[in-house]
Amino acid sequence: MPHKDPERRRSYERERHRRRTAERQALGLCPKCGHGNPAPGRSLCASCLKRARAAERARYARSKTAGEPYGGRKPESRRRMARERRRKEKIERKEAGLCTRCGELAPAEGSVVCEACREARRADERKLYAARRAKGRCGRCGGQVSAEASRCASCATSEVKRRPRKNAASRARYANRRARSLCVDCSEPANGAARCERCARRSYFSSGEHKGMPIHPTRYTVVELATGEEHGPLDSWEEVAMCLAFEKLSREEIEVVTDASPLTTLTAWG
């Protein structure tokens, strides 16, 4: 008999449950209780749905108290379902002409999110970048980087590949906003200027003009005394020596003009 073998018993019960479910569905009844009619758009009746939700909430509360993630469910399946729900939600909001993040406001020009959500996302990204760089990690993915780099090799390569497309989109957005007399940064009315007052102030305070005169690297120019011909600018004394060797000039036949930043002189040692 099936009940004497546990494995055969489980197989028998599963098959019996499948047959009973198919029979009840064919009759238009709830496959769980076999009495009520299924709720609109659901396979169970309202009463069974209510009991199932209550049991799920109780089970989730017990698992959460025990410290199990996702209420004891498998994290991989839960994350996959969450991504699928989020993907459908974004498509619905985009088709409705709403921000795909909050679903309340219209998206900003050239974007799928509103300006408020975009600013919030930028703030979160800046915090995440700062936290990763403080730990000596790649600011984009959090991976290992060399001592002087801000991104790992993989992220740096992908950034180089997407830069032309990103620059082209930025130029097109800039020209479109300028033609409509909008701020090129936030798309708010700019009254004929390139930026609104808030963005212009932010741009000025982050510029080198506000922070002080930048320290540019020293450049060198080789001038032939006989002809006045100039060679350069060159970035180092090594390049000056290579220039003399290539042009077959001696030190007495030329003059080296040094172009140094004023701050380089003021902050130099000695």
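The structure displayed is predicted, hence computed values, not measured ones.

1. Side note on the sheet that holds strand β2 (residues 230-234)
Across the sheet, which stays open at both edges, the three strands sit in the order β2-β1-β3 with antiparallel pairing between neighbours. Strands at the two margins of the open sheet, each flanked by one partner only, are β2 and β3 (254-259). Averaged over neighbouring strand pairs, the angle between their axes works out to 15° when direction is ignored. Bridge count for strand β1 (residues 219-224) against β3 is six bridges, and the pairing is antiparallel. Pairing of Y220 across the sheet is with T258, part of β3.

2. Examining helix α3 (residues 75-95)
In a regular helix each residue adds 1.5 Å, so 21 residues correspond to 30 Å; α3 covers 30 Å between its end C-alpha atoms and thus fits that length. Looking one or two residues past α3, G97 carries a phi angle of roughly 75°, positive in sign.

3. Some points on the pattern of salt bridges
Applying the stated criterion across every chain, the model contains 15 salt bridges. In this structure, R195 engages D185 in a salt bridge whose closest nitrogen and oxygen atoms are separated by 2.8 Å. Of this pair, R195 sits in the loop between α5 (153-179) and α6 (197-205) while D185 sits in the loop between α5 and α6, placing them ten residues apart in sequence. In this structure R195 comes out as partly exposed when scored by relative accessible area, which is 33%. Overall, the relative accessible area of 27% leaves D185 in the partly exposed class. D235 is the salt-bridge partner of R219, the closest N and O atoms lying 3.1 Å from each other.

4. Focus: the packing of aromatic side chains
The final tally for this structure, using the stated rule, is one aromatic pair. Plain terms: the ring middles of Y220 and W237 are 4.8 Å apart, the flat faces sit at 45° to each other, and that makes the pair tilted. Of this pair, Y220 sits in strand β1 while W237 sits in helix α8 (residues 237-247); the two residues are 17 residues apart in sequence, bridging distant segments of the chain. On the basis of relative accessibility, which here comes to 11%, the residue Y220 falls in the buried class.

5. What to know about the pairing of β1
Of all six residues in β1, five are buried, a share of seventy percent or more. One ladder, built from three bridges, connects β1 with β2; its direction is antiparallel. The residue bridging V223 from the neighbouring strand is E230, located in β2. Once β1 ends, the chain turns through five residues before running back antiparallel as β2, passing G228 with a positive phi of about 80°.

6. Some remarks on the nonpolar core
Grouped together as the largest cluster of nonpolar side chains are nine residues: Y220, V222, L234, V240, C243, L244, L249, I254 and V256. The set of elements that each furnish at least two residues to this core consists of β1, α8 and β3. Here this core takes three residues from α8, the largest share from any one element. The contact partners of C243, leaving out residues within four places of it in the chain, are V222, H231 and L234.

7. Points about the side chain of R177
Here R177 shows up in helix α5. Overall, the relative accessible area of 1% leaves R177 in the buried class. Here D185 takes part through its backbone oxygen, which lies 3.2 Å from a polar atom of the side chain of R177. In contact with R177, not counting residues within four places along its chain, are E109, R118, L182, C183, V184, D185, C186 and S187.

Definitions and cut-offs
Residues numbered from 1 in each chain as written. Predicted model: local features only at pLDDT ≥ 70, side-chain atom pairs only at ≥ 80, totals over all residues. Heavy atoms only, no water. Pairing = 2+ DSSP bridges. Helix = DSSP H or I, 4+ residues; strand = E, 2+ residues; numbered from the N terminus. Axes fitted to C-alpha atoms, helices over the stretch in contact; angles between N-to-C directions. Expected span 1.5 Å × (residues − 1). Salt bridge = Lys/Arg side-chain N within 4 Å of Asp/Glu carboxyl O. Buried < 20%, exposed > 50% of the residue type's maximum accessible area, 1.4 Å probe, protein only. Phe/Tyr/Trp six-rings, centres within 6.5 Å; stacked < 30°, edge-to-face > 60°. Core = buried A, V, L, I, M, F, W, Y, C linked by side-chain atoms within 4.5 Å. Contact = heavy atoms within 4.5 Å. Polar contact = N/O pair within 3.5 Å; in protein donor to acceptor, adjacent residues only side chain to side chain.

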